[in-house]
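Listed here are the chains, written in short residue letters.
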Amino acid sequence: MRSLTAWLSVALAAAVAAIPAKDCTHKVKESIPPPRGWTKSAPAPADHIIELRIALPQPRFSELEKHLYEVSDPFHDRYGQHLSKEEVESLVAPEAESIHLVNEWLASHGIYEDNLSRSPAKDWVLVKVPVNLAEEMLKTEYHVWTHDASGDSVVRTTAYSIPEHLDDHVELIQPTTMFSRMKNLKTSFRINDVEEKVAAVAADAPPISIPSASGGHVDASCNQTITITCLLQLYNAVGFKASAKNGNQIGITGYLEQFANIQDLQLFYADQRPEALNSSFKTILINGGENDQDPAEAGAEANLDTQFAYGLTFPTPGTFFSTGGRPPFKPDDLTPTNTNEPYSDWLDFVLAQPTLPQSISTSYADDEQTVPVSFAKRVCAGFAQLGARGVSLMFSSGDGGVGDGEEDPALQECFTNDGRNVTRFVPLFPPSCPFVTAVGGTIHVPETAVFFSGGGFSDVFPRPAYQELAVSKFLKTLAPGTYKGLFNPNGRAIPDVAAQADLFRIFLSGRPVSIGGTSAAAPTFTGIVSLLNSARLSKGLPPLGFLNPLIYTIQALDPTAFNDITVGNNPGCGTPGFNATKGWDPVTGVGTPNFGKLKDIVTLDLLHIAGLS
């Protein structure tokens, strides 16, 4: 009798396992209210191709995070002992069961191994399918949604489901509920008055006294036009020579068809860094990225980033990552189109590379609230992997102050998109990710906070321990009830640091132009970090890697390593925003870098520095 019962149990289990996954009970994985500012129009064309990105859980990510903080803590015995590519992949790999069950589900819809691709760690599965198959797999309906302000369209849904037995084996699937609009951060762009401004400063104008600067002064012209010379003077880096042979590299990311023009770079070098003439950089094309060198197609953002980052760090080898793909979908174009955030494509590529630039700058972001929480956390985890491998990631903090840059309550547009439509500050992602360094902006000499410097507090990521002391001090300076309900006082605070962010003289399509934004601050700070890495590598020390624990430690124990910014504010959302103040603040972070002091610190044994132990 027992043998019959056992046989029946086995037969029943086999029968259940034999049920095709597509016929199983489904469970809603994610559901959102209709996003504010978007209008649902026609059903998506059935044969429109979308690339589904399926994230499998990373059960050992907490171990990776532990490793990351240990190798990034200047007081830990493992400081600087970064992980290898293979070690990182082993820590984010999914369970074999998850891979197997997802494979079964895909196979039940006719999708097999030769129809898909995987990340090196197998934690992402990518499949290209027509909309009608995606709708069957996810028990949903895709529509064309149009952004009211821009007219851009995307193919999205507001809810999707997966087989119930996969709920613990699939973390997220996109594109489904993501309505973000990736943008480059550039607040100002002026052409006509550049030469007049340069000429307006008399050649014999006395320099500006800045005790922390190289030689204690900065050229008077730097109050009207920012050049490489201005930055080297202001941030105490005059005279330092980077090495081209110690393995140091610097990287710039490019998206949204922004092309870095080499002809413009040569004009910039002739104007500001003559010794760099005839040098260039390596361009890597990712996911259909292009490298159009027609001067008319030169990108202001790409030129700004490359000219100043590579100009500051010459002769350090530079890499420009040109990543194709952007979310908007053209309703009349049914050819296969990538509708994922290009961050994902960039991460897929760089995480698969055995070697990477040690310092990488990005000047693109989304409003945090437009990025699904599950996706934001997963992309942030990708940045943590790079940090664990010794890469420093810098992101512009944003150009809208605490949100939209509008101080007039009657004109502000900072509304939540969760269906409540209430006013709330709008932090940006990826700057809000705790594993990257967010860079705010300053202007003029002496430096003050520039009004558009993005800053605030994440609604997704809690405040990490490394910034608890500094941020808590700032919050105590606020009067009780200040901006109550407008921000999350327990969130990850941004920015971490700052740099000059306006009046930058670049060359674009053969002409000098003046440009600004925290998209100028990020490559500037990244350039300084690269110089610090050059100094370390030349002494046989490892690169700095994930910077934030080091930044806040140094700021607490030797504040003069950063130039504290105490004047200015960042209006937005119908408010004056936050004020720059002594110590960390959500406008300029801990301040701008003093390269000379930072170099002295980071090229010594950080565990035994006088005053830091």
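All values derive from a computational prediction rather than experimental measurement. (Residues numbered from 1 in each chain as written. Predicted model: local features only at pLDDT ≥ 70, side-chain atom pairs only at ≥ 80, totals over all residues. Heavy atoms only, no water.)

Asker: Quick one: what's the story with empty space enclosed by the protein, residue by residue and with numbers?
Answerer: Under the defined criterion, the tally for this structure stands at 5 cavities of 30 Å³ or more. Residue lining of the largest cavity: 20 residues in total, with Asp123, Trp124, Asp348, Leu351 and Gln385 positioned closest to the centre. Residue assignment for the lining of the largest cavity shows that the elements contributing at least two residues are helix 3 (85-92), helix 10 (342-351) and helix 11 (373-388). The leading source of residues in the lining of the largest cavity is helix 11, at 5 residues. Tallied by class, the residues present in the lining of the largest cavity amount to 8 nonpolar, 5 polar and 7 charged. The calculated volume of the second largest cavity comes to roughly 100 Å³. Forming the boundary of the second largest cavity are 13 residues, of which Phe525, Leu532, Leu547, Ile551 and Leu598 lie nearest the centre. Only helix 13 (518-538), helix 14 (548-557) and helix 15 (595-602) provide two or more residues apiece to the lining of the second largest cavity. No other element matches the 4 residues that helix 13 contributes to the lining of the second largest cavity. (1 Å grid on protein atoms, 1.4 Å probe; cavity = no way out; pocket = protein on both sides within 12 Å on 5 of 7 lines; lining within 4 Å. Points joined across faces, edges and corners; volume = space filled by probe spheres on them. Helix = DSSP H or I, 4+ residues; strand = E, 2+ residues; numbered from the N terminus. Nonpolar A, V, L, I, M, F, W, Y, C, P; charged D, E, K, R; others polar.)

Asker: Could you give an account of the sheet that holds strand 2 (residues 38-43), naming the residues involved and the relevant values?
Answerer: Neighbouring strands of a sheet are bound in pairs by backbone hydrogen bonds; such pairs are parallel or else antiparallel. With respect to topology, 3 strands assemble into an open sheet ordered 2-6-7, the strand pairing being antiparallel. Bordering the open sheet on either side are strand 2 and strand 7 (153-156), each of which pairs with just one other strand. For this sheet, the mean angle separating the axes of adjacent strands, direction not counted, is 35°. With 4 bridges joining them, strand 6 (residues 143-147) and strand 7 adopt antiparallel strand pairing. Bridging from a neighbouring strand, His143 pairs with Arg156 of strand 7. (Pairing = 2+ DSSP bridges. Axes fitted to C-alpha atoms, helices over the stretch in contact; angles between N-to-C directions.)

Asker: Can you lay out the confidence of the model for the chain for me, pointing to particular residues and giving the numbers?
Answerer: Here the chain averages 90 in pLDDT, and 88% of its residues register 70 or above. Residue range residues 607-613 is modelled with pLDDT below 50. Its contacts to residues more than four positions away, or to other chains, number 12 contacts. (pLDDT = per-residue confidence, 0-100. Contact = heavy atoms within 4.5 Å.)

Asker: Tell me about the nonpolar core, residues and numbers included.
Answerer: Proteins that are soluble and globular tend to have nonpolar side chains buried together. Counting residues in hydrophobic clusters, the biggest one holds 163 residues, and the most contacted among them are Leu52, Leu106, Trp346 and Phe578. For Trp346, the contacting residues outside a window of four places in its chain are Thr253, Tyr255, Ile286, Phe321, Thr323, Ile360, Phe383, Leu386 and Leu393. (Core = buried A, V, L, I, M, F, W, Y, C linked by side-chain atoms within 4.5 Å. Buried < 20%, exposed > 50% of the residue type's maximum accessible area, 1.4 Å probe, protein only.)

Asker: Hey, could you go over the state of the cysteines for me, with residue numbers and the actual values?
Answerer: Taken as a whole, this structure holds 3 disulfides when the rule is applied. The disulfide partner of Cys380 is Cys433, and the gap between their sulfur atoms is 2.0 Å. The chirality of the disulfide connecting Cys380 with Cys433 is right-handed, given an S-S dihedral of about 80°. Highlighted residues: Cys380 in helix 11 and Cys433 in the loop between strand 20 (428-429) and strand 21 (437-443), separated in sequence by 53 residues. In this structure Cys433 comes out as buried when scored by relative accessible area, which is 0%. Paired by a disulfide, Cys414 and Cys573 hold their sulfur atoms 2.1 Å apart. (Disulfide = S-S within 2.5 Å.)

Asker: Can you explain the pairing of strand 21? Please cite residues and give values.
Answerer: In terms of residue burial, strand 21 counts as a mostly covered element, since 7 of its 7 residues are buried. Across the two faces of strand 21 the burial is the same, with Thr437, Val439, Gly441 and Ile443 and Ala438, Gly440 and Thr442 all buried. Relative to strand 25 (residues 497-500), strand 21 is paired through 4 bridges, and the arrangement is parallel. Across the sheet, residue Thr442 finds its bridge partner in strand 25, namely Gln500. The sheet contact formed by strand 21 and strand 22 (residues 448-449) spans 2 bridges and is antiparallel. By the bridge assignment for strand 22, Thr442 is matched with Ala449. Here strand 21 folds back onto strand 22, and the loop between the two strands holds 4 residues, one of which, His444, carries a positive phi near 70°.

Asker: Could you give an account of the packing of aromatic side chains, with specific residues and numbers?
Answerer: The full count for this structure, using the stated rule, is 30 aromatic pairs. Consider the rings of Trp145 and Phe179, whose centres lie 5.2 Å apart with planes at 80°: the pair is edge-to-face. Here Phe179 lies in the loop between strand 9 (172-174) and strand 10 (183-184) and Trp145 lies in strand 6, a separation of 34 residues in the sequence. For the residue pair Trp145 and Phe179, the accessibility class agrees, reading buried in each case. (Phe/Tyr/Trp six-rings, centres within 6.5 Å; stacked < 30°, edge-to-face > 60°.)

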